[in-house]
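A structural walkthrough
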Amino acid sequence: MNARAVLATAPEIRANPLREESVTLKAADPCTFVVFGASGDLTHRKLIPALFRLSKQKLLHPQTAIVGFARREWTNEQFREEMKHAVESAGASPSEWERFAGALFYQSGVFEDHAAFRALGQLLSKVEEERGVPGNRIFHFATPPSEYATLVRNIGAAGLARRALRDDHAVPWSRVIIEKPFGRDLQSARELNALVHTVFAERQVYRIDHYLGKETVQNILVMRFSNGIFEPIWNRQYVDHVQITVAETIGVEERAGYYEQAGAMRDIVQNHLLQLLALVSMEPPAAFDDKAVRDEKVKVMRALRRIAGEDLSMNAVRGQYTRGFIEGTPVPGYREEPGVAADSRTDTYVALKLWVDNWRWEGIPFYVRTGKRLPKQSTEIAIQFRAAPHQLFSRDALAGLEPNALVLRIQPDEGISLRFGAKVPVQGIRIRAVNMDFDYGASFMVDAPDAYETLILDALRGDATLFTRHDEVDQQWAFVDPIIKGWASSDSAEGPALYEAGTWGPTEADALIERDGRKWRKA
Ligand SMILES: NC(=O)c1ccc[n+]([C@@H]2O[C@H](COP(=O)([O-])OP(=O)(O)OC[C@H]3O[C@@H](n4cnc5c(N)ncnc54)[C@H](OP(=O)(O)O)[C@@H]3O)[C@@H](O)[C@H]2O)c1
């Protein structure tokens, strides 16, 4: 029996796996889970399958109801039928599906319509009464970000949420889960935060960055803070530099409308990449709770040196892919993609040289890069260590040695490798770099839960550790805003550097790191 199967039969609920005590906590309260954007892609591909899997493992309280809300004029039955397709991949037996389907309800309407919110309120009251839900509600915004403000206003106006005065856990509680992107710059993020706080207290707000729900991302903290051997060397004395790569092989796909407005900087750097940076560079928190962990992440964001003005060209590179080949298949250039302007200046690639200006990391560069249409899908963090202080061996013997590196592979091939030099088994001394490998799949033999499953369960339980706090979002935007503005200014009229699809980005990105006598890793 695997670990998840054991947990599924237990009367208690599994929760945030970072917290030692969480596996023995009692079940979350029953609630109504309201999905705005219930006919959309995210609901279909992620939310409903995650809720279904939680239900299947008996991790969802049996009285919990799921209420979808979207424009499409569906009945409860049509909604259930649509969602049946969504859970097919999760392996639904007829009885499991029947039980889950009975908890699904639907309200159609447009978000701008007050009457639709009144109707939603009536539906919620009816469902809660029928199922014995004590008024606990979670609102999940799975809609275009442009709708968030309208949703907050109308939830407030219709009195659907109850503001938490002191304790988010006091029944009946209300919570809101908001998808990224949260704002499109510092000002809009602050405005949205202010608006959200008119209806929900900060402790009721769960801003999702689904990267934080990934097992391997959480494992960065477990690896760093549950082992004695890493922390002593996790600093400027032993680390030469850090590289973070988020590489995608896919292009813009059907998301051109969104991506043209976002680019790699807003799509990946502002959230996922800065989250990885924060987790790998933060100080040990005093406890594993939402306040302590997020306090430390915010401190890192504050210590991140701003890149603006003259620093921009030396520390930041943006690129855009042209046509090329991915795994031997020809692919169009970004400007040839449907929905993309023929003269688009949107960045599909970003490389940055960053500094965390604090005691631990003074003088240690963090090189980060992300891009679309790169040769390989790979997300990894590589901590590259300084060379031995004195070399005993000849230059010839050392020719095959590479810098020692600890590589945290976030996806795919999740695991950790330590790269070091070993003697080649021949006469005399010859040294070559080898890997010591930990492979997640082979070591645990269980499928990791999907990030949404983890995060939804945490939100149901009121554990916000893996969600982004308002001041963290604020600091993320405060960092990326000057770069985006600098690129948009007339000084940099040249636009993004071009790179061929299927290559590792523009030559300018190589120059960014090679100027310092270093090289990008082969991810
Ligand atoms: N898709 C993903 O994999 C993914 C991953 C991470 C984050 N996200 C984020 O999740 C959010 C949703 O993305 P998505 O891909 O699911 O979008 P989507 O497929 O376009 O779905 C949008 C949903 O919102 C509804 N909607 C939009 N405007 C409405 C209005 N005025 N009144 C009523 N309903 C309205 C649509 O209803 P109708 O279809 O009935 O019109 C649909 O249900 C976005 O913020 C996105 O950035 C998505």
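Each value, and the rule that gives it
- Residues numbered from 1 in each chain as written.
- Predicted model: local features only at pLDDT ≥ 70, side-chain atom pairs only at ≥ 80, totals over all residues.
- Heavy atoms only, no water.
- Helix = DSSP H or I, 4+ residues; strand = E, 2+ residues; numbered from the N terminus.
- Rg over C-alpha atoms; globule rule 2.2 N^0.38 Å.
- Buried < 20%, exposed > 50% of the residue type's maximum accessible area, 1.4 Å probe, protein only.
- Contact = heavy atoms within 4.5 Å.
- Areas by Shrake-Rupley, 256 points an atom, 1.4 Å probe, with all protein chains shown as cover.
- Lys, Arg positive; Asp, Glu negative; His and termini not counted.
- Charge placed at Lys NZ, Arg CZ, Asp CG, Glu CD.
- Near = heavy atom within 4 Å.
- Polar contact = N/O pair within 3.5 Å; in protein donor to acceptor, adjacent residues only side chain to side chain.
- Nonpolar A, V, L, I, M, F, W, Y, C, P; charged D, E, K, R; others polar.
- Pairing = 2+ DSSP bridges.
- Axes fitted to C-alpha atoms, helices over the stretch in contact; angles between N-to-C directions.

This paragraph deals with the overall build of the protein chain. When its secondary structure is counted, the protein chain shows 15 helices and 17 strands. Computed over C-alpha atoms, the radius of gyration of the protein chain comes to 24 Å, within 12% of the 24 Å expected from 2.2 N^0.38 for 523 residues, which places it in the range of a compact globule. Here the C-alpha coordinates of the protein chain stretch approximately 80 × 55 × 45 Å along the principal axes. Across the 523 residues of the protein chain, 55% fall into the buried class. Look at the contacts in the protein chain between residues 6 or more apart in sequence, and 77% of them connect residues 24 or more apart. Accessible surface, the protein chain as shown: approximately 23200 Å² in total, 52% of it carbon and sulfur. Positive and negative charge centroids in the protein chain, built from 65 and 70 side chains respectively, lie 3 Å apart.

In the vicinity of the ligand there are 24 residues, among which Ser-39, Asp-41, Leu-42, Arg-45 and Arg-72 approach most closely. Interatomic distance of 3.1 Å between a backbone N/O atom of Lys-180 and an oxygen atom of the ligand. Here the ligand loses 79% of its free accessible area of 900 Å² to cover by the protein chains. It is helix 2 (residues 41-56) that provides the largest number of residues to the shell around the ligand, a total of three residues. Broken down by class, the residue content of the shell around the ligand amounts to 11 nonpolar, five polar and eight charged.

What follows covers the side chain of Ser-281. Here Ser-281 shows up in helix 9 (residues 256-281). Residues contacting Ser-281, with those up to four places away along its chain left out, are Arg-224, Val-300, Val-356, Arg-360, Trp-361 and Phe-366.

Turning next to the sheet that holds strand 8 (residues 316-322). Pairing is mixed in the open sheet, where nine strands are placed in the order 16-15-14-13-7-12-11-8-17. In this open sheet, the two edge strands, each paired with only one partner strand, are strand 16 (431-439) and strand 17 (497-500). On average, each strand axis in the sheet is tilted by 20 degrees relative to the strand beside it, whichever way the strands run. Summarising the sheet, strand 7 (residues 239-247) and strand 13 (residues 378-385) pair through eight bridges and their orientation is antiparallel. Its bridge partner lying in strand 13, Ala-247 is registered against Ser-378.

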